[in-house]
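Listed below are the residues making up each chain.
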Amino acid sequence: MRNQPHAIKLALLGTLSKGGFHSGEELGASLGVSRAAISKHIKGIQEWGVDVHRVQGKGYQLAQPMQLLDENTLKHTIDTKFALVPVIESTNQYILDNSSELESGFVCLAEYQSKGRGRRGRQWISPFGSNLYLSMYWQLDAGMAAAMGLSLVVGVALAESLEQLGVPGVKLKWPNDLYHDDKKLAGILVEMSGQAGAAANLVIGVGLNLSMAETVDGISQPWTSLSNITAKPVDRNQLAALLVKTLNTTLQDYESFGMGEFVARWNRLDNYLGRKVKLLIGNKSVEGVARGIDKQGAVLLETEQGTQSFIGGEISLRNNE
Ligand code: ATP
């Protein structure tokens, strides 16, 4: 089994996720360990960000219902090869580490990332079981220059998929975040694992908040979860499969047709279109009104010098109203 060192904690979560109270004695007996060991593993689970209650005389219960990702269900719904590694450092890192053996389209999914990451070494907070974390490997024949456009195209496709699921008001923040009501709902992180000839080997990581506890630590900006936007219950396995499918078809479309039609689709969803923003570029900043993106995937800013385009991995866009 994958994740052998975490087998007991994962088995415990399997039982607790079925709901109700479970005594330390019952859990210990079913897993062949002592009650003291169960108590220690419960602490470990709490360190993964899961809220577990203990009531004297009754036992342990999850504070919130949890639907786990299920390998068998995913096998029936995901067309490409994938690895479900419940506890991982980072799904992007898994692909980077294994890319020499992977085929384009391979996906890694996790329940918890201990070192989930954002751009430029920032952290992506990834508690167990409450969000989605997945990464796809993609060999982009068009090469590295096309990678910027690709990260924008993925944002458009994910936002549109959520819209089609009936989630209203999902927007995009350049270059690669999904927003709702000015709060971050999801992040996309595109990384390179090297270049083979002209092609670029890319990893496209997605973290989408589904029902993250409000008490989570470590996020220094407004954020939200799908559960705050729609009352419709979300099936995590179905949504994971939909995200994988969306990524796969979008990347193929991008390879065939380029940015073309994506520019208008991006601009329709731009969270900051017509709003005052500033771009942080190293230790400089440029202020202006956001005017969407161009065919290269650059962000357009109307400044006192006219409309200017900006592109590059070092640029961050901030609200400036
Ligand atoms: P930029 O505009 O340069 O992309 P950013 O702040 O959006 O800046 P990212 O690298 O895209 O940075 O994302 C990482 C940041 O997102 C973290 O520093 C944190 O503030 C925030 N963050 C981390 N985890 C989550 C999460 N699960 N949900 C929402 N926001 C998060």
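1. Some thoughts on helix α1 (residues 7-16)
Step number 1: Of all the positions in α1, only K9, L10, L12, L13, G14 and L16 are classed as buried.
Step number 2: Where α1 is buried, its residues touch α2 (24-31), α3 (35-47), β1 (52-55), β2 (59-62) and β4 (87-88).

2. Remarks on empty space enclosed by the protein
Step number 1: Tallied over the full model, the rule gives one cavity of 30 Å³ or more.
Step number 2: There is about 30 Å³ of room inside the largest cavity.
Step number 3: Considering the residues around the largest cavity, the lining is formed by L158, L162, L178, A186, V206, L208 and L243.
Step number 4: Mapped onto the lining of the largest cavity, the elements with two or more residues apiece are α6 (147-164) and β11 (199-209).
Step number 5: Partitioning the lining of the largest cavity into residue classes produces seven nonpolar, no polar and no charged.

3. As for the sheet that holds strand β14 (residues 299-303)
Step number 1: Taking strand neighbours across the sheet as the criterion, the five strands line up as β15-β14-β13-β12-β16 in an open arrangement whose pairing is antiparallel. Single-partner strands in this sheet number two, and they are β15 (306-310) and β16 (315-319). Here the average twist between neighbouring strands, direction ignored, is 45°.
Step number 2: Sheet topology note: the strand β12 (residues 276-281)/strand β13 (residues 284-293) ladder contains six bridges and is antiparallel. Within β13, the position partnered with V277 by the bridge is G288.

4. Details of the domain arrangement of the protein
Step number 1: Split by domain assignment, the protein resolves into domain 1 (4-62), domain 2 (71-267) and domain 3 (273-317).
Step number 2: Summarising the inter-unit geometry, the C-alpha centres of domain 2 and domain 3 are found 24 Å apart.
Step number 3: Counting residues at the interface gives 13 residues for domain 2 and 18 residues for domain 3.
Step number 4: Of the roughly 1300 Å² buried where domain 2 meets domain 3, counting both sides, 56% is carbon and sulfur surface.
Step number 5: If you sort the residues of domain 2 by the area they bury against domain 3, R120, W174 and N267 come out on top, with a joint share of 46%.
Step number 6: Taken together, the connections running from domain 2 to domain 3 amount to one salt bridge.

5. Comments concerning the pattern of salt bridges
Step number 1: One pass over the structure, following the stated rule, counts 13 salt bridges.
Step number 2: Residues K81 and E103 are paired through a salt bridge, measuring 3.5 Å at the closest nitrogen-oxygen approach. Of this pair, K81 sits in the loop between α4 (71-77) and β3 (82-84) while E103 sits in the loop between α5 (91-98) and β5 (107-110), and the two are 22 residues apart along the sequence.
Step number 3: For R265, the salt bridge goes to E160, with nearest N and O atoms at 2.6 Å. Of this pair, R265 sits in helix α9 (residues 262-269) while E160 sits in helix α6, and the two are 105 residues apart along the sequence.

6. Things to note about the side chain of D177
Step number 1: Structurally, D177 can be placed in strand β9 (residues 177-180).
Step number 2: We classify D177 as buried; its relative accessible area is 9%.
Step number 3: A polar atom in the side chain of D177 sits 3.3 Å from the side chain of K184.
Step number 4: Setting aside residues up to four positions removed in sequence, D177 forms contacts with K171, L172, K184, A186, G187 and I188.

7. A closer look at the site of the ligand
Step number 1: Surveying the vicinity of the ligand reveals 18 residues, the closest of which are R119, R122, K173, K184 and S316.
Step number 2: N209 is positioned with one of its side-chain polar atoms (N or O) 2.8 Å from a nitrogen atom of the ligand.
Step number 3: Relative to its unbound accessible area of 620 Å², the ligand is 95% covered by the protein chains.
Step number 4: At a threshold of 2 Å from the grid points, most atoms of the ligand map onto the second largest pocket.
Step number 5: Looking at the shell around the ligand residue by residue, the class counts come to five nonpolar, six polar and seven charged.

8. A short note on the packing of α6 against α9
Step number 1: Running from N to C, α6 and α9 point in directions that differ by 60°, and their axes come no closer than 10 Å. By the angle between their axes, α6 is oblique relative to α9. Crossing of α6 against α9: the hand is left-handed. Across the interface between the two elements, L152, V153, V156, A159, E160 and E163 from α6 touch F262, R265, W266, R268 and L269 from α9.
Step number 2: The class makeup of the residues in the contact of α6 with α9 is seven nonpolar, no polar and four charged.

Basis of the calculations
- Residues numbered from 1 in each chain as written.
- Predicted model: local features only at pLDDT ≥ 70, side-chain atom pairs only at ≥ 80, totals over all residues.
- Heavy atoms only, no water.
- Buried < 20%, exposed > 50% of the residue type's maximum accessible area, 1.4 Å probe, protein only.
- Helix = DSSP H or I, 4+ residues; strand = E, 2+ residues; numbered from the N terminus.
- Contact = heavy atoms within 4.5 Å.
- 1 Å grid on protein atoms, 1.4 Å probe; cavity = no way out; pocket = protein on both sides within 12 Å on 5 of 7 lines; lining within 4 Å.
- Points joined across faces, edges and corners; volume = space filled by probe spheres on them.
- Nonpolar A, V, L, I, M, F, W, Y, C, P; charged D, E, K, R; others polar.
- Pairing = 2+ DSSP bridges.
- Axes fitted to C-alpha atoms, helices over the stretch in contact; angles between N-to-C directions.
- Domains from an automatic or database assignment.
- Buried area = accessible area lost by both parts, 1.4 Å probe.
- Salt bridge = Lys/Arg side-chain N within 4 Å of Asp/Glu carboxyl O.
- Polar contact = N/O pair within 3.5 Å; in protein donor to acceptor, adjacent residues only side chain to side chain.
- Near = heavy atom within 4 Å.
- Areas by Shrake-Rupley, 256 points an atom, 1.4 Å probe, with all protein chains shown as cover.
- Sits in = over half its atoms within 2 Å of the grid points.
- Parallel < 35°, antiparallel > 145°, perpendicular 65-115°, else oblique.
- Left-handed = near helix turned anticlockwise from the far one by under 90°.

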